[in-house]
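Understanding the architecture of this molecule
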Amino acid sequence: MLTVAEREEIEAELARYPTKEAVCIDAMKIVQRHRGWVSDESVRDIAELLEMSPADLDGVSTFYNLIFRKPVGRHVVMVCNSVSCWILGYEKMREHLTKRLEIEFGETTADNRFTLLPIVCLGACDHAPAMLVDNELHTDLGPDRIDQVLEAYK
Amino acid sequence: MAQEKPLTEAIPLDGQALSLRGYEQAGGYQGLRRALREMTPQAVQEEVKKAGLRGRGGAGFPTGMKWSFVPMGSDVPRPKYVIANADEMEPGTFKDRYLMEGNPHQLIEGLILAAYATQADVAFIFIRGEYRLAQERLARAIAEAHTAGYLGKNILKSDFALEMILHVSAGRYMCGEETGLLNALEGKRANPRSKPPFPPVAGLWGKPTTVNNVETLVNVPHIIAKGFTWYQGLSRSKDYGTKIYGASGKVKRPGLWELPMGTTIREILEEHAGGMREGLRFRGVLPGGASTDFLVEEHLDVPMDFLEVQKAGSRLGTGTMIVLDDRTCPVGMTSNLIHFFAQESCGWCTPCWSGLNWAKQILAAMEAGRGKPVDIDKLSFQTKFLAPGNTFCALAPGAAEPLQSALKYFREDFERHIREQRCPWK
């Protein structure tokens, strides 16, 4: 069930758009902000509120990179794997991260601290390689710098 | 005379956003004042047409002409919409983020002018979810513009009214495709739509809609404030204005530079990007993002404008170059690019979802030392299968560009991977 806070935030978005459906991506992001991810149950609840079919909303939810349909750790690390970062050492960065965190892409550390995901070009190509942690941009990365960045996310 | 840089000269060097006051002191919102005081919407369209402004998002469509397709008058469908396409996700492209973070009001003014020129009622800024700093700065700037009377009812005491909404997307390359963006805004998967009808006639919720790229829009306030003759004089070529050029890859000083349209690739890479890093040689360049054909050494003196880059066999695209050096594997680079396009394909058209995945697998196998002689022909076939006319949108044809040109200029490297059954760079 959606919480009162979630429902209120979603309803506030409705005023900005002419159809209920238009709010569905924002609605999923609101639920994700509160719970970290969007479960099947949340998809059904949001679909009901916005008068959509759960199947349609499921189709939308799985289309977008930033909607998580599985639980994630406390912090989500997204590593740019696009071309400029690839030229500047993405492979090494990935190796370092998977070794240090002992997980592969799509996995979460045992202590639930980090989830590791790939992401497309972050528009930081002049400071490649780059990654996001909880949507915060970190650039000019090498092994030491990565360790330093990760330390800040407990 | 010092080179003019109207789009970037007011951006603070300390990484902060230019404030509303700072923008106004630098001449900001003067274009809007002039338009509302002394110009009809048609006159604004006309000025932008004469200025020769072409879209900076990649396709290069003439902006004034796009606006002129919007039905005008009192008996047209409403509300009409304008949208700033801030879904910058073309690999190797980082210019719009800089423009939005550095001077958010410049984009807002450009979008208000686009709305006035097409008599739109509602404006959206469609920004990708990953650009958090730009989102924060735009949200604040929109609120400031409201308070200052640049948005809302009776803008600057005129009859013109406009609401502006910042829409933060949930991320997918397809959202940057004009009609995919419209579907995303409507709360759907960002599949492309069949055209016609074109968005200026039937776009968002079926209403007339104009979609312009961020860099395109930030040119507009300057054109309106200073006139098309001044604007044309900024350029060194027949495509007018300045351009935000960029370079990434193993050059000495990767970055962005606002330069006259028509600056050569050589000047950008050697004078501004500082040339290649020590010990490395230039091998090729994607001149305008991931979806443009490779150019090589013989093209270094090509002026970076729409016409000349096209003559050289590529596209100006976003004008942000990705440089290939002689220690980076061209097959690996192509494999990375095709992996991106295959992943970001929305799955709507068969050549795209099937062809790109096929090409991706062939390239990955080649890199892993499992290439076969027939693979080069298979890849060549794919570039024809992915060509314009076979798909609803430009994603697949765009993906074919680096692939077909890599096969042309770096054919020996492909053959060597197959012959030696390994990647020689690993």
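Some details on the overall build of chain B
On a plain count of helices and strands, chain B comes out with 17 helices and 8 strands. The C-alpha atoms of chain B give 22 Å as radius of gyration, which agrees with the globular expectation for 426 residues (22 Å, within 12%). With the principal axes as the frame, chain B shows a C-alpha extent of 75 × 50 × 35 Å. Counting all 426 residues of chain B, 63% fall into the buried class.

Here we look at the overall build of chain A
Regarding its fold elements, chain A presents 7 helices and 4 strands. Across its three principal axes, chain A shows a C-alpha extent of roughly 50 × 30 × 25 Å. Buried residues in chain A amount to 54% of all 154 residues. Partitioning the intrachain contacts of chain A with sequence separation of at least 6 by distance along the chain shows that 59% fall at a separation of at least 24. Of the roughly 7,100 Å² of accessible surface on chain A, a fraction of 49% belongs to carbon and sulfur atoms. Across chain A, the centroid of the 17 positively charged side chains sits 3 Å from that of the 27 negatively charged ones.

Observations regarding the nonpolar core
Note that soluble globular proteins tend to have their nonpolar side chains buried in a common cluster. Ranked by internal contacts, the top residues of the largest apolar core, which has 113 residues, are Tyr-64 of chain A together with Phe-124, Met-333 and Phe-414 of chain B. Those residues in contact with Phe-124 of chain B that sit more than four places away from it in its chain are Tyr-17 of chain A together with Tyr-81, Val-82, Ile-83, Ala-84, Leu-111, Ile-165, His-167, Leu-185, Leu-204 and Trp-205 of chain B. Counting 60 residues, the second largest nonpolar core, distinct from the first, contains Leu-7, Leu-111, Val-168 and Ile-244 of chain B.

Remarks on the sheet that holds strand β5 (residues 242–249) of chain B
Residue and element names in this part refer to chain B. Taken in spatial order, the 4 strands line up as β6-β5-β8-β7 in an open sheet, and their pairing is mixed. The two strands at the open ends of the sheet, each matched to only one other strand, are β6 (255–260) and β7 (282–286). Strand-to-strand twist across the sheet, computed as the mean angle between neighbouring axes with direction ignored, equals 30°. The pairing of β5 with β6 spans 6 bridges and is classified as antiparallel. Looking at the pairing, Ile-244 lines up with Glu-258 of β6.

Describing the domain arrangement of chain B
Residue and element names in this part refer to chain B. Each domain of chain B was delimited in the assignment, giving domain 1 (20–232), domain 2 (242–325) and domain 3 (330–420). When each unit is reduced to the centre of its C-alpha atoms, the spacing between domain 1 and domain 3 is 35 Å. Taken together, the contacts link 12 residues of domain 1 with 10 residues of domain 3. Both sides together, the interface formed by domain 1 and domain 3 hides about 1,000 Å², and carbon and sulfur atoms give 68% of it. Area buried by domain 1 at its contact with domain 3 is led by Arg-172, Tyr-173 and Pro-192, which between them contribute 45% of it. Put simply, domain 1 and domain 3 have 1 salt bridge between them. Between Glu-344 and Arg-172 there is a salt bridge, with the nearest N and O atoms lying 3.4 Å from each other. At the boundary of domain 1 and domain 3, one finds 4 residue pairs in polar contact (both at pLDDT 80 or more). For the side of domain 1 that touches domain 3, a count of residues per class yields 6 nonpolar, 2 polar and 4 charged.

As for the sheet that holds strand β4 (residues 209–213) of chain B
Residue and element names in this part refer to chain B. An order of β3-β2-β1-β4 is seen for the 4 strands of this open sheet, with the pairing classed as parallel. In this open sheet, the two strands that pair with only one neighbour each are β3 (163–168) and β4. The sheet shows a mean angle of 20° between the axes of neighbouring strands, taken without regard to direction. Sheet topology note: the strand β1 (residues 81–86)/strand β2 (residues 122–127) ladder contains 6 bridges and is parallel. Bridge pairing in β2 places Asn-85 opposite Phe-126. Packed onto the sheet, helix α6 (residues 104–118) meets β1, β2, β3 and β4 and runs at close to 150° relative to β1.

So, the interface of chain A and chain B
Counting from both sides, the interface comprises 38 residues of chain A and, opposite them, 53 residues of chain B. A combined buried area of about 3,600 Å² lies between chain A and chain B, and 59% of that area is made up of carbon and sulfur atoms. For the pair chain A and chain B, the interface holds 1 salt bridge. Put simply, Arg-132 of chain B and Glu-136 of chain A hold a salt bridge, and the shortest N to O gap is 4.0 Å.

Comments concerning helix α14 (residues 350–367) of chain B
All names here are of chain B. Between its terminal C-alpha atoms α14 stretches 25 Å, which fits the 26 Å expected from 18 residues at 1.5 Å a residue. Tucked inside the fold, the buried residues of α14 contact α13 (330–344), α15 (375–385), α16 (395–409) and α17 (411–420). One or two positions beyond α14, positive phi appears at Gly-369, with a value near 90°.

Quick look at the pattern of salt bridges
Taken as a whole and assessed by the stated rule, the structure comprises 40 salt bridges over all chains. One salt bridge connects Glu-6 of chain A with Arg-35 of chain A, and the closest N-O pair in it is separated by 2.7 Å. Placement of Glu-6 of chain A in helix α1 (residues 4–14) and of Arg-35 of chain A in helix α2 (residues 24–35) is noted, with a sequence separation of 29 residues between them. Here the salt bridges share partners, and the residues they tie into one network are Arg-56, Lys-95, Asp-96, Glu-215 and Lys-243 of chain B.

Considering the pairing of strand β8 (residues 320–325) of chain B
Residue and element names in this part refer to chain B. Most of β8 sits out of view: 6 of its 6 residues are buried. Alternating residues of β8 divide into Thr-320, Ile-322 and Leu-324 and Met-321, Val-323 and Asp-325, and every residue in both groups is buried. Relative to β8, β7 runs antiparallel, the two sharing 4 bridges. Note that in β8 the partner of Phe-282 across the bridge is Asp-325.

Considerations on the side chain of His-417 of chain B
Mapped onto the elements, His-417 of chain B comes out in helix α17. With sequence-adjacent residues up to four places away left out, His-417 of chain B is seen in contact with Cys-329, Val-331, Met-366, Glu-367, Arg-422, Cys-423, Pro-424 and Trp-425 of chain B.

A few points about unusual backbone geometry
Here the residue pair Arg-78 of chain B and Pro-79 of chain B is connected by a cis peptide bond, since its omega of 0° sits within 30 degrees of zero. In this model, Pro-196 of chain B is joined to Pro-197 of chain B through a cis peptide bond whose omega is 0°. In this structure, Pro-197 of chain B sits in the loop between α8 (178–185) and β4. One non-glycine residue with positive phi stands out, namely Glu-102 of chain A, at about 60°. Relative to the helices and strands, Glu-102 of chain A is located in the loop between α6 (90–101) and β2 (114–119).

Considerations on the environment of Glu-21 of chain A
Its location among the elements puts Glu-21 of chain A in the loop between α1 and α2. Considered as a pair, Glu-21 of chain A and Tyr-64 of chain A are 43 residues apart in the sequence and their alpha carbons are 16 Å apart. Once residues lying within four places of it in the same chain are set aside, the contact partners of Glu-21 of chain A are Met-52 of chain A together with Glu-186, Gly-187 and Lys-188 of chain B.

The rules behind these values
As a convention, each chain's residues are numbered from 1 in the sequence order in which they are written. Whichever chain is written first becomes A and whichever ligand is written first becomes 1, with later ones labelled in order. For this predicted model, a pLDDT threshold of at least 70 governs which residues receive local features, and a threshold of 80 or more governs which side-chain atom pairs are given and counted, while totals over whole chains, interfaces and linings are taken from all residues. Each side-chain value is worked out from all heavy atoms of the structure, with water and hydrogens disregarded. Where helices and strands are cited, they refer to DSSP runs of H or I of at least four residues and of E of at least two residues respectively, numbered from the N terminus. This radius of gyration counts C-alpha atoms alone. The globule rule is 2.2 Å times how many residues there are, raised to the power 0.38. Three exposure classes are used, based on accessible area relative to the maximum for each residue type with a 1.4 Å probe and protein chains only: buried under 20%, partly exposed in between, and exposed over 50%. Contacts are assigned to residue pairs that have any heavy atoms within 4.5 Å of one another. Every accessible area reported is derived by Shrake-Rupley at a probe size of 1.4 Å, with residue values counting cover from the shown protein chains alone. Asp and Glu count as negative and Lys and Arg as positive, but His and the ends of the chain are not part of the count. For this purpose, a charge sits on NZ of Lys, CZ of Arg, CG of Asp or CD of Glu. What makes a nonpolar core is a set of buried Ala, Val, Leu, Ile, Met, Phe, Trp, Tyr and Cys residues whose side-chain atoms join them at distances within 4.5 Å. For two strands to be treated as a pair, DSSP must find no fewer than two bridges joining them. Under this scheme, a helix contributes an axis fitted over its contacting stretch, all axes are lines through C-alpha atoms, and angles between N-to-C directions fall in the 0 to 180 degree range. Domain delimitation follows an automatic or database domain assignment. A quick way to say it: buried area is the sum, across both parts, of accessible area lost when two parts are put together, with a 1.4 Å probe. Definition used for salt bridges: Asp or Glu carboxyl oxygen within 4 Å of a side-chain nitrogen of Lys or Arg. Polar contact is the term for a pair of N or O atoms within 3.5 Å; when the atoms are in protein, one must be able to donate a hydrogen and the other to accept it, and sequence-neighboring residues count only if both atoms are side-chain atoms. Residues are sorted three ways: Asp, Glu, Lys and Arg are charged, Ala, Val, Leu, Ile, Met, Phe, Trp, Tyr, Cys and Pro are nonpolar, and all the rest, Gly among them, are polar. Expected helix span is taken as 1.5 Å per residue step, with the number of steps being one fewer than the number of residues.

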